[in-house]
Amino acid sequence: MTNGDSPAPATILVVDDTPANLRLLTTMLRDGGYKVRPVSSGDMALRAIEAKAPDLVLLDVNMPGMDGYEVCRRLKADPRWTGIPVLFISALTDTADKVRAFQAGGVDYVGKPFQFEEVDARVRTHLELRRKSLALAESLSRLQEMEQMRDTLTHMIAHDMRSPLLALQMSVEVLGDMVPATDPDAATLATTARRGAAQVVEMVSQMLDVSRLEAGKMELHHAPADLVELARNAVATLRPLAAERTLELFAPAAVPADIDSNLILRVISNLLGNAIKFTKPDGKIRLEVQLAEGHPRIAVIDDGSGIAPEQHQSIFEKFGQTAAGARRVGSGLGLTFCKMAVEAHGGTIGLESEPGRGSTFWFSLPLAPSATGTPAA
């Protein structure tokens, strides 16, 4: 695009109603290696841009009919041309005139009489900025295409894996039931196989659900439910994984909510599973269910190594993992699934943590149908 970095010289549209200025700028810019298209009015400038967009516009302010400010405003109002840099060149030197130029969308302002060295330097600078901006936009477009391809491939693989994995999980369950109680080693292996199969099935389900949630194709099945009961189920299921860790549930008698119970149960289980995974064997994990100003709120609190504040958002990003001491937090999709599932319910999710002081993962849901409940541990 620029005369030094591209085989083709940059095209500059020069707009000035004074013939002498137009000839002078045209000659100087052509001598500088640019391709110049001179026009003498605002109407002609817009027609020239419509015919073929230039790389940069050098625009006079005072012109009969349509002045430079209006030309620039119309140029910036069209999505096709909004990125074209406009440099005003004018004998008007008041601050108010310069402010109007920048408000109209101009990127620079050169006063008359001008020195061509100054004009040339500013033209080169804005052409280079424009070149880098276009290169960045192209890179972003390629990155988005690659991300879409990755997501499509991930969805296809996960979809094809789900059926055989479910069959494998069922087979493991059946084989586990056949293990004699007198063989503790075999029973341990069967338990490990059950957990591994369940984890892989859950990971595949997360991949598929994240894809559906992103595409807006997941239908939520709302129904009245008790969040305390869901929390009890999650604790009962995951307690065997807690080993020596202390796992406690603190909740009132009931916390009603209108939710997709399956999704919210998986969110609770994900957060609780992460806490178990990254808490030391002698650590404590606390699951709290409560009503905060009528909003159901669930929090998973651990006394693990904690996470630095600047990393709080990245752990919710797709395929994102955040370093926490010598270990890594986040499965890449687990917390992304939690975030999207909660937000699909109209709720919010967050993290309170700092290094050395543990972590609290929490989420809140819209107002519950009923805001009653008797506290009980």
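Residues numbered from 1 in each chain as written. Predicted model: local features only at pLDDT ≥ 70, side-chain atom pairs only at ≥ 80, totals over all residues. Heavy atoms only, no water.

1. Digging into a nonpolar patch on the surface
Here comes step 1: Taken together, the side chains of Leu153, Ile157 and Met161 present a nonpolar region at the surface, about 260 Å² in accessible area.
Here comes step 2: As for its position among the elements, Met161 is in helix α5 (residues 116-178).
Here comes step 3: Taking relative accessible area as the criterion, Met161 reaches 34% and is therefore assigned partly exposed. (Patch = residues over 30% accessible without salt bridge, like charges linked within 9 Å, V, L, I, M, F, W, Y side chains within 5 Å. Areas by Shrake-Rupley, 256 points an atom, 1.4 Å probe, with all protein chains shown as cover. Salt bridge = Lys/Arg side-chain N within 4 Å of Asp/Glu carboxyl O. Helix = DSSP H or I, 4+ residues; strand = E, 2+ residues; numbered from the N terminus. Buried < 20%, exposed > 50% of the residue type's maximum accessible area, 1.4 Å probe, protein only.)

2. Observations regarding the nonpolar core
Here comes step 1: Core analysis: the largest hydrophobic core is formed by 46 residues, its most contacted members being Leu227, Leu272 and Phe363.
Here comes step 2: Once residues within four sequence positions are removed from consideration, Leu272 is found in contact with Ala234, Val235, Leu238, Leu247, Ile285, Leu287 and Val300. (Core = buried A, V, L, I, M, F, W, Y, C linked by side-chain atoms within 4.5 Å. Contact = heavy atoms within 4.5 Å.)

3. Examining the environment of Leu351
Here comes step 1: Take Leu351: it is sitting in strand β13 (residues 348-353).
Here comes step 2: On the basis of relative accessible area, Leu351 is assigned to the buried category, the value being 11%.
Here comes step 3: Sequence separation between Leu351 and Ile315 is 36 residues, and the spatial gap between their C-alpha atoms is 9.6 Å.
Here comes step 4: Filtering out sequence-adjacent residues up to four positions away, Leu351 remains in contact with Ile307, His312, Ile315, Phe316, Ser359, Thr360, Phe361 and Trp362.

4. A short note on the pattern of salt bridges
Once the charged atoms of two side chains with opposite charge are near each other, the side chains can pair.
Here comes step 1: The full count for this structure, using the stated rule, is 19 salt bridges.
Here comes step 2: Put simply, Asp108 and Arg122 hold a salt bridge, and the shortest N to O gap is 2.7 Å. With Asp108 in strand β5 (residues 108-111) and Arg122 in helix α5, the pair connects residues that are 14 residues apart, well separated along the chain.
Here comes step 3: Because the salt bridges share partners, they merge into one network encompassing Asp16, Asp60 and Lys112.

5. Notes on the packing of helix α8 (residues 261-277) against helix α9 (residues 334-344)
Here comes step 1: One way to put it is that α8 packs onto α9 with a least axis distance of 9 Å and a crossing angle of 145 degrees. You can see that α8 and α9 cross each other, and the crossing is left-handed. On the side of α8, the interface is formed by Leu263, Arg266, Val267, Asn270, Leu271 and Asn274, while α9 contributes Gly334, Leu335, Phe337, Cys338, Ala341 and Val342.
Here comes step 2: When the residues that make up the contact of α8 with α9 are grouped by side-chain class, the tally is 8 nonpolar, 3 polar and 1 charged. (Axes fitted to C-alpha atoms, helices over the stretch in contact; angles between N-to-C directions. Left-handed = near helix turned anticlockwise from the far one by under 90°. Nonpolar A, V, L, I, M, F, W, Y, C, P; charged D, E, K, R; others polar.)

6. Examining the sheet that holds β5
Here comes step 1: Strands sit in the order β2-β1-β3-β4-β5 across an open sheet of 5 strands; the sheet is parallel. The open sheet is flanked by β2 (35-39) and β5, the only strands paired with a single partner. Across the sheet, the axes of successive neighbouring strands diverge by a mean angle of 20 degrees, strand direction being ignored.
Here comes step 2: One ladder, built from 4 bridges, connects strand β1 (residues 11-15) with strand β3 (residues 56-59); its direction is parallel. By the bridge assignment, Ile12 is partnered in β3 with Leu56. (Pairing = 2+ DSSP bridges.)

7. Section: the packing of helix α2 (residues 42-51) against helix α3 (residues 68-77)
Here comes step 1: Where α2 meets α3, the axes come as close as 9 Å, and the angle between the chain directions of the two elements is 20 degrees. Taken together, the axis directions place α2 and α3 in an arrangement best described as roughly parallel. Seen along the crossing, α2 lies across α3 with a hand that is right-handed. The segment α2 lies against α3, with Gly42, Ala45, Leu46 and Ile49 engaging Val71, Arg74 and Leu75. (Parallel < 35°, antiparallel > 145°, perpendicular 65-115°, else oblique.)

8. Overview of the packing of aromatic side chains
Here comes step 1: Within this structure, the stated rule accounts for 3 aromatic pairs.
Here comes step 2: Centroid distance Tyr69 to Phe88: 5.8 Å. Interplanar angle 50 degrees. Geometry classified as tilted. Of this pair, Tyr69 sits in helix α3 while Phe88 is found in strand β4 (residues 86-90), placing the two residues 19 residues apart along the sequence.
Here comes step 3: Here Tyr69 falls in the buried class, since its relative accessible area comes to 2%.
Here comes step 4: A residue is classified by how much of its surface remains accessible, and Phe88, at 0% relative accessible area, is buried.
Here comes step 5: With 6.2 Å between their ring centres and 70 degrees between their planes, Phe316 and Phe361 make a pair best called edge-to-face. Of this pair, Phe316 sits in the loop between β10 (295-302) and β11 (320-324) while Phe361 sits in strand β14 (residues 359-364); the two residues are 45 residues apart in sequence, bridging distant segments of the chain.
Here comes step 6: What makes Phe316 buried here is its relative accessible area of 6%.
Here comes step 7: Its relative accessible area of 7% is what places Phe361 among the buried residues.
Here comes step 8: The ring centre of Phe250 lies 3.7 Å from the NZ or CZ of Arg286, which sits over that ring. (Phe/Tyr/Trp six-rings, centres within 6.5 Å; stacked < 30°, edge-to-face > 60°. Lys NZ or Arg CZ within 6 Å of the ring centre and 35° of its normal.)

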